Amino acid sequence: MGSTSSTLLKIPNVEVLMQETGFSPAHMIRLHDRFKALDKEGRGHLCPQDFGAIKELAMNPIGDRIIGAFFCPGKETVDFHTFVKILAHFRPVDKNRPKEPNSPEPINSRSNKLRFAFQLYDQDKDGKISRDELLKVLQAMLGMQVTEEQLESIADRTIQEADLDRDDAISFEEFRKSLEKVNIDHKMSIRFLR
Amino acid sequence: MEGAWEIAFVLFQVWLSIVVGLIVLPAMFGVSLGFTDIYIRVLVKTLEWATLRIQRGQKEQPTLPSQSANGIIEKDDGSMEEEIGELRRSHPKNLVGGDFTMCDAFYFCKKGIENIVEDQVTQRFTSEELASWNLLTRTNNNFRYISVRLTIIWGLGVFIRYCILLPLRITLAVIGLSWLVIGTTIVGLLPSSNAKNWLSDLVHITCYRICARGLSATIRYHNKENRPKKGGICVANHTSPIDIVILANDGCYAMVGQVHGGLMGVIQRSMVLSCPHVWFERSEMKDRHAVAKRLKDHIADKTKLPILIFPEGTCINNTSVMMFKKGSFEIGRTIYPVAIKYDPQFGDAFWNSAKYNIVSYLLRMMTSWAIVCNVWYLPPMTRQDGEDAVQFANRVKSAIAHQGGLVDLSWDGGLKREKVKESLKEEQQKMYSSMIVGQQGRLMLSILI
């Protein structure tokens, strides 16, 4: 019969992790269980195939990109720390958090959530969504259902509207500005049950 | 030494005659001496006490996480159109007829992350989580030490289950299966006649009744008037190999399955001697038409027993019903659906074939408290004109899920082992593109405005 504290202790640096991410002990345990369930071979880390085994994710048009967001460039495995830190982006925004001037921005802030979404588009991580990158995302989401010309015209128009400095690419600031009225907290948050 | 062996032998004989006299014989005649009822009642009281004790313990120590039997996250159940529509409503652009906006990706992103944290399919292939502990170590996920009394009761439970119940159940299982093999072989020697059929039914039912006692199974049958008739097809949801014992306790069926070797093979061969079952060689299974023809021939003969099929094709954890394979729904028009729901409080009947082989599974079954389940016979359903096999299958599946209180899923049970088909991703893309593009003309029009 395992006890809560002994399960928590099995997770290295769990205190630091909880502070950084804002997850409660109960959440950490559930996420750890999920991590272990995904890690079918018990290696202690996840590889892209482990994510690929999730059927509903395989069906998602941008599933590959979401999986890619977990892996730092050059790394082929995800450990539990990184797993939790990425998922922390999707915690609902803490409305009651006092604004301390010197503390780092919480992972689940509105800005960081936008940054996460931005990186889904900006695969080469140069800070801008180029026309090509936009086209690739559109292709992923629409597949064979639309023609090349339609894709191009959609991409053109999107850039036209969002690109304020006329450099034919969308920077993070432009991205943020074009989505300022969207309720990011609701749309990019997942409610974790107790 | 001699004396010791003699005493052991005498004890064994006494034991055997008690078992036969008090359990096997009443079982064969369908008479209950009430032991199982008393056992179940004591068990229920004990488990209730244990639950209250755990709840009290949780209140006193608030750091204990209370188990959420429903999962980790709360999911939004809106459709793709609703969710993306909401995303766009806050967007300053006035969009007529749909168009792409960069926030559309948020919908897919959120769905993807939700699925990483918790997905519908993997859940169904692991055992159901209980809201409270039922004193079996195997279901103990996060229940920690609460009190001395609870631990003692748990220890007592282990002793009872492994040292008293397990040997008893193994004895019963051995008696039951040997009786099946011997009985059917003897009946097989008789010439075909009504008497032979009657005897064959008797042998089969008595054997399954003994096996049911061997699992301390308490089965409640509902709507017996809808029981499958000869020449019909009986269709049920699949949780474990024990389903066969559960159903065959109340009726005789012709089994359908693959030919096995070893002990299973012996049982299969002897069963066929007394009444026709449909056993397929592995090579035959590949030829769908040959399979369909054999089944059709069987049900065409109205003197043969109804065939029993599990259309899910694999064991699911009894919280949901997965896609029914259409093959069984193509061979005949009248289907008798049956819903089986196990009560997980007394023992988890689900066979996770990836985790346990059949022997360890049976051992787990025999060391559980009991198997308690409900069986509902649903009124026969026929394929309507203009309905194809897939739609008919889905209709039957919904009826079974509804009756058994199970979730009706359209996922294929085969996904346990296979990859997702590309066509499912295409469906998502189609749905999304219809929001973007709609008809050809609309896209061009919004550019001109």
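Criteria and thresholds
Residues numbered from 1 in each chain as written. Chains lettered and ligands numbered in written order. Predicted model: local features only at pLDDT ≥ 70, side-chain atom pairs only at ≥ 80, totals over all residues. Heavy atoms only, no water. Salt bridge = Lys/Arg side-chain N within 4 Å of Asp/Glu carboxyl O. Buried < 20%, exposed > 50% of the residue type's maximum accessible area, 1.4 Å probe, protein only. UniProt positions renumbered as here; feature names shortened; annotations may be inferred. Helix = DSSP H or I, 4+ residues; strand = E, 2+ residues; numbered from the N terminus. Phe/Tyr/Trp six-rings, centres within 6.5 Å; stacked < 30°, edge-to-face > 60°. Lys NZ or Arg CZ within 6 Å of the ring centre and 35° of its normal. Patch = residues over 30% accessible without salt bridge, like charges linked within 9 Å, V, L, I, M, F, W, Y side chains within 5 Å. Areas by Shrake-Rupley, 256 points an atom, 1.4 Å probe, with all protein chains shown as cover. Disulfide = S-S within 2.5 Å.

## Comments concerning the pattern of salt bridges
- Evaluated as defined, the whole model comprises 13 salt bridges over all chains.
- When the shortest N-O distance is used, the salt bridge between Arg43(A) and Asp50(A) registers 3.5 Å.
- A relative accessible area of 8% means that Asp50(A) is categorised as buried.
- A salt bridge links Lys304(B) to Asp301(B), with the shortest nitrogen-to-oxygen separation between them at 4.0 Å.
- Its relative accessible area of 29% is what places Asp301(B) among the partly exposed residues.
- The network of salt bridges with common partners includes Arg131(A), Glu152(A) and Asp156(A).

## Digging into the UniProt feature "domain: EF-hand" (unreviewed entry) in chain A
Residues and elements named next belong to chain A.
- Residues annotated by UniProt as "domain: EF-hand" (unreviewed entry) correspond here to residues 109–144 and 150–185.
- Secondary structure content for residues 109–144 is 67% helix and 8% strand, and the end C-alpha separation is 36 Å.
- Summarising residues 150–185: 61% helix, 8% strand, and an end-to-end C-alpha distance of 31 Å.

## With respect to the packing of aromatic side chains
Residue and element names in this part refer to chain A.
- A complete count under the given rule lists 17 aromatic pairs over all chains for this structure.
- Measuring from ring centre to ring centre gives 6.0 Å for Tyr-121 and Phe-175, while their planes differ by 65 degrees; the resulting arrangement is edge-to-face. With Tyr-121 in helix α8 (residues 110–121) and Phe-175 in helix α11 (residues 172–178), this residue pair connects regions lying 54 residues apart in the sequence.
- The class for Tyr-121 is buried, based on a relative accessible area of 1%.
- Linked through ring pairs, Phe-35, Phe-51, Phe-70, Phe-71, Phe-80 and Phe-83 together constitute an aromatic cluster.
- It is Arg-115 that lies over the ring of Phe-172; its NZ or CZ is 4.4 Å from the centre.

## Regarding a nonpolar patch on the surface
Residue and element names in this part refer to chain B.
- Judged by side-chain polarity, Val-10, Val-14, Ile-18, Leu-22, Leu-25, Phe-29, Val-31, Leu-33 and Phe-35 come together as a nonpolar surface patch covering roughly 830 Å² of accessible area.
- In terms of residues, the nonpolar patch owes the most to one element, helix α1 (residues 2–28), which gives 5 residues.
- With respect to the helices and strands, the residue Val-10 is situated in helix α1.
- Since its relative accessible area comes to 46%, Val-10 is described here as partly exposed.

## Side note on the state of the cysteines
All names here are of chain B.
- Taken as a whole and assessed by the stated rule, the structure comprises 0 disulfides over all chains.
- Of all cysteine sulfurs in the structure, the one in Cys-207 sits closest to Cys-211, which takes part in no disulfide; the separation is 4.2 Å.
- Residue Cys-211 is classed as buried on the basis of its relative accessible area of 14%.

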